[in-house]
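# Architecture and fold: a report
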Number of protein chains: 2
Amino acid sequence: MPMQPVPLDKASRLLNHGPTVLVGSAHGGRVNVMAAAWAMPLDFDPPKIAVVIDKATLTRELVDASGVLSVCVPCVAQADLTRAVGGESGKDHPDKLQRCGVAWEPGPQTGTPLVQGAIAWMECRVLPATVHVAGPHDLILAEVVSAWADERVFSRGRWHFETGPDALRSLHHVAGGVFYAAGAAIQTQHPL
Amino acid sequence: MPMQPVPLDKASRLLNHGPTVLVGSAHGGRVNVMAAAWAMPLDFDPPKIAVVIDKATLTRELVDASGVLSVCVPCVAQADLTRAVGGESGKDHPDKLQRCGVAWEPGPQTGTPLVQGAIAWMECRVLPATVHVAGPHDLILAEVVSAWADERVFSRGRWHFETGPDALRSLHHVAGGVFYAAGAAIQTQHPL
C-alpha cells in the first residue's frame, strides 16, 4: 500500500510546489470530484489550505452543506482523468465519477472521496472565517485534519519525484488541458 | 526587450501552474523583495490573486502601508536569488536587495519593484476585503492592474516553456531551498 500517513506539521509540503488538485465532496449520499488549479497552503501547524471553488459548482454546493472537503494531488498517470473531472459538471452528470473513471474510498474522518491513484490525500474542514471570503471571492479556507502521500515519491516530509517513476510526478495546469509535470530538481546555494 | 504586456484577462495564466513568486513592496523610500511559495490566482477578469505574507515581514509592513505590491515569477536562472531573498529579512539588512543581487525597476502604476530577469511581472492593489483575512490568516487579496511576461516563454496567453531556454522555466519550491522546474508538457485528451 503506497499511501502512508503524513505528519500534520508537514502537510503544507504537499501543496507547497503548486500542483493542480482534485477537490472531493460528499453530502447526503451525493459524492463529487472536480479539478482545481487554484489551491495553496495557508498555514503550517495546524495546517490550513486555501482553494477557489466557483459557487456555480456541485462541489461548492456539497462543501457548503457538509463543511468538509478532500484535496488530492493527481499525478501524470491521471492527467486525462484530471482534465475529465475538470471539464464535466456533476450537476449535468450524476454518474460523473463513473464516467470519468474515478475510483475512490471515503476518508475516515469526513467521508469525502480520496481518489485512488492520486499521490497525496488530505481531509479538510472548512474554517469559519470562510464566510468573509467565500461570498465575494469563492475562496474556501480549510484546516487539514488528516493527510497521506505515496511513499514512492513523498518521504521524510517532502516530495522526491526525482527518485520515483515519472508517471507519479505532480501536474501543474497551464491552460486548455495542457499541464506541466514537476520537472528537474534544482538545489540552490545561499549565495551570501 | 523580452518583457511584453499581458492582457489583463490572461493574467491569471501567469500563476495558474503554481510557481513560486517574488513579492515586491515599496513605501516611504524603502523597497523590498521576498520569495513566496503560497500564491495563486483568485479570479479571471478583473484578475485577482491571493498570497500569504507573514505579518512579521518587512514586506507585509510595506504592503500594509502602501496598499500595493508587485508579484514577479522568477526562473531557473534566478534560483539562488530566489532562495536568498526568501532567506534574508529586509528588517535585518536594509541593503538586502544589493546583497541578494536583485536589480529592479519601479512599476509604472505603483512604484513597486519589478525584478530584472524574472519571466513575469504583475503590479497589484490590495483589495479592501483583505481586512477580513489578513488578521487571522496572513492572506493578502489583490487586484492585478498591469502585467508583463517574457515573450520567449509566454505568448498567446499562455506559457510555452517547451520552446524556450530551460533557464527560463518557472520554479516550484519543494522544501529547504530545493525547487522543481516546470517540466514536461502533458497534452491531455478528454476521454469522454
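Scroll up to find the structure this text is about.
Below is a summary of the structure that appears in this document. (Residues numbered from 1 in each chain as written. Chains lettered and ligands numbered in written order. Predicted model: local features only at pLDDT ≥ 70, side-chain atom pairs only at ≥ 80, totals over all residues. Heavy atoms only, no water.)

## Details of the pattern of salt bridges
Put simply, the rule is: A carboxyl oxygen of Asp or Glu within 4 Å of a side-chain nitrogen of Lys or Arg is what we treat as a salt bridge. Think of it this way: any DSSP run of H or I at least four residues long counts as a helix, any run of E at least two long counts as a strand, and we number them from the N terminus. Each residue's exposure class comes from its accessible area (1.4 Å probe, protein chains only) as a fraction of the maximum for that residue type: buried when under 20%, exposed when over 50%, partly exposed otherwise.
Throughout the structure, instances matching the rule amount to 16 salt bridges over all chains. Linking A:E88 and A:R99 is a salt bridge whose minimum nitrogen-to-oxygen distance equals 2.8 Å. Of this pair, A:E88 sits in the loop between α2 (79–87) and α3 (96–99) while A:R99 sits in helix α3; the two residues are 11 residues apart in sequence, bridging distant segments of the chain. The class of A:E88 is buried, set by a relative accessible area of 11%. Across the salt bridge formed by B:D64 and B:R60, the nearest N and O atoms sit 3.2 Å from each other. Within this pair, B:D64 and its partner B:R60 are both found in helix α1 (residues 58–66), separated by four residues, close to a single helical turn. Taking the relative accessible area as the measure of exposure, B:R60 reaches 5% and is therefore buried.

## As for the environment of A:Q98
Topologically, A:Q98 is positioned in helix α3. Taking the C-alpha atoms as reference, A:Q98 lies 34 Å from A:D9; in sequence the two are 89 residues apart.

## Things to note about helix α2 (residues 79–87) of chain B
The condition that has to hold: Residue contacts are counted whenever heavy atoms from the two residues lie within 4.5 Å of one another.
Regarding α2(B), the residues found buried are B:A79, B:L81, B:T82, B:A84 and B:V85. Tucked into the core, α2(B) has its buried residues touching β14 (178–187) of chain A together with β2 (21–27), β3 (30–36), α3 (96–99), β13 (171–175) and β14 (178–187) of chain B.

## Considerations on the sheet that holds β14(A)
Threshold: Only strands joined by at least two bridges in the DSSP assignment are considered to pair. Here an axis means a line fitted to C-alpha atoms, over the contact stretch when the element is a helix, while the angle between two N-to-C directions is reported on a 0 to 180 degree scale.
Spatial ordering of the open sheet is given by β13(A)-β14(A)-β14(B)-β13(B), a layout of four strands whose pairing is antiparallel. Looking at which strands have only one partner, the edges of the open sheet turn out to be β13 (171–175) of chain A together with β13 of chain B. Neighbouring strand axes in the sheet, compared pairwise and without regard to direction, differ in orientation by 45° on average. Here β13(B) runs beside β14(B); their pairing, made up of four bridges, is antiparallel. Looking at β14(B), one finds that B:H172 is bridged to B:Y180. Each of β13 and β14 of chain A together with β14 of chain B touches α2(A); the most contacted strand, β14(A), lies at about 130° to it.

## Description of the relation of the copies chain B and chain A
The two chain copies are connected by a rotation around an axis plus a translation along it. The condition that has to hold: What sets the superposition is a least-squares fit of C-alpha atoms, and only residues with pLDDT of at least 70 in both copies go into it.
Rotating chain B by 180° and translating it 0.0 Å along the rotation axis places it on chain A, where the RMSD comes to 0.0 Å. When the rotation and shift are considered jointly, the pair of chain copies conforms to a two-fold rotation axis. A share of 100% of the interface residues of chain B reappears at the interface of chain A, consistent with the copies meeting face to face through the same patch.

## Observations regarding the pairing of β14(B)
Most of β14(B) sits inside the fold, with seven of its 10 residues counted as buried. Linking two consecutive strands that pair antiparallel, namely β13(B) and β14(B), is a turn of two residues; a positive phi of about 55° is found at B:G176 within it.

## Digging into the interface of chain B and chain A
Size of an interface, as often reported, equals the accessible area lost when the parts are brought together. This is how it is decided: Polar contact is defined as a pair of N or O atoms within 3.5 Å, subject to the rule that within protein one atom must be able to donate a hydrogen and the other to accept it, and that residues adjacent in sequence are counted only when both atoms are side-chain atoms.
At the interface, 59 residues of chain B touch 59 residues of chain A. Joining chain B to chain A, the criterion identifies zero salt bridges. Taken together, chain B and chain A are joined by 26 residue pairs in polar contact (both at pLDDT 80 or more). Of all the secondary-structure elements, those providing two or more residues to the side of chain B that touches chain A are β4 (39–43), β5 (48–52), α2, α4 (131–137), β10 (139–150), β12 (158–159), β13 and β14 of chain B. Here the side of chain B that touches chain A takes 10 residues from β14(B), the largest share from any one element. With seven bridges joining them, β14(A) and β14(B) adopt antiparallel strand pairing. Considered in β14(B), the bridge of A:F179 is made with B:I186.

## Observations concerning unusual backbone geometry
A cis amide bond links A:D45 with the next residue in sequence, A:P46, at an omega value of 5°. Looking at the element boundaries, A:P46 is found in the loop between β4 (39–43) and β5 (48–52). Although it is not a glycine, A:R156 sits at a positive phi angle of roughly 50°. As for its placement among the helices and strands, A:R156 is situated in the loop between β11 (154–155) and β12 (158–159). You will see that B:D138, though not glycine, has its phi angle at about 55°, which is positive. Looking at the secondary structure, you find B:D138 in the loop between α4 and β10.

## Digging into α1(B)
Residue and element names in this part refer to chain B. By the burial criterion, the buried members of α1 are L58, T59, R60, L62 and V63. Taken together, the buried residues of α1 touch β2, β3, β6 (68–73), β9 (120–126), α4 and β10. Downstream of α1 by a residue or two, G67 has a phi angle that is positive, lying close to 75°.

## Digging into the side chain of A:K96
Residues and elements named next belong to chain A. The test is simple: For the purpose of counting charges, residues Lys and Arg are taken to be positive, whereas Asp and Glu are taken to be negative. His and the chain ends are not included.
Tracing the backbone through its elements, the reader meets K96 in helix α3. The side chain of K96 is buried and forms no salt bridge, while E88, the nearest opposite charge, is found at 6.8 Å. Here V85 takes part through its backbone oxygen, which lies 2.9 Å from a polar atom of the side chain of K96.

## Description of the packing of aromatic side chains
Inclusion rule: Two rings from Phe, Tyr or Trp (for Trp, the six-membered ring) form a pair when their centres are within 6.5 Å of each other. A pair whose planes differ by under 30 degrees is stacked, one over 60 is edge-to-face, and the rest are tilted.
Here the structure, examined in full by the defined rule, presents 10 aromatic pairs over all chains. Taken together, a centroid distance of 5.0 Å and an interplanar angle of 80° make the contact between A:F154 and A:W159 edge-to-face. Take A:W159: its relative accessible area is 0%, and that puts it in the buried class. Relative to B:W148, the ring of B:W121 has its centre 5.9 Å away and its plane inclined at 70°; by these criteria the two rings are edge-to-face. Highlighted residues: B:W121 in strand β9 and B:W148 in strand β10, separated in sequence by 27 residues. Classification of B:W121 by relative accessible area gives buried; the value is 4%. You can call B:W148 buried: its relative accessible area is 16%.

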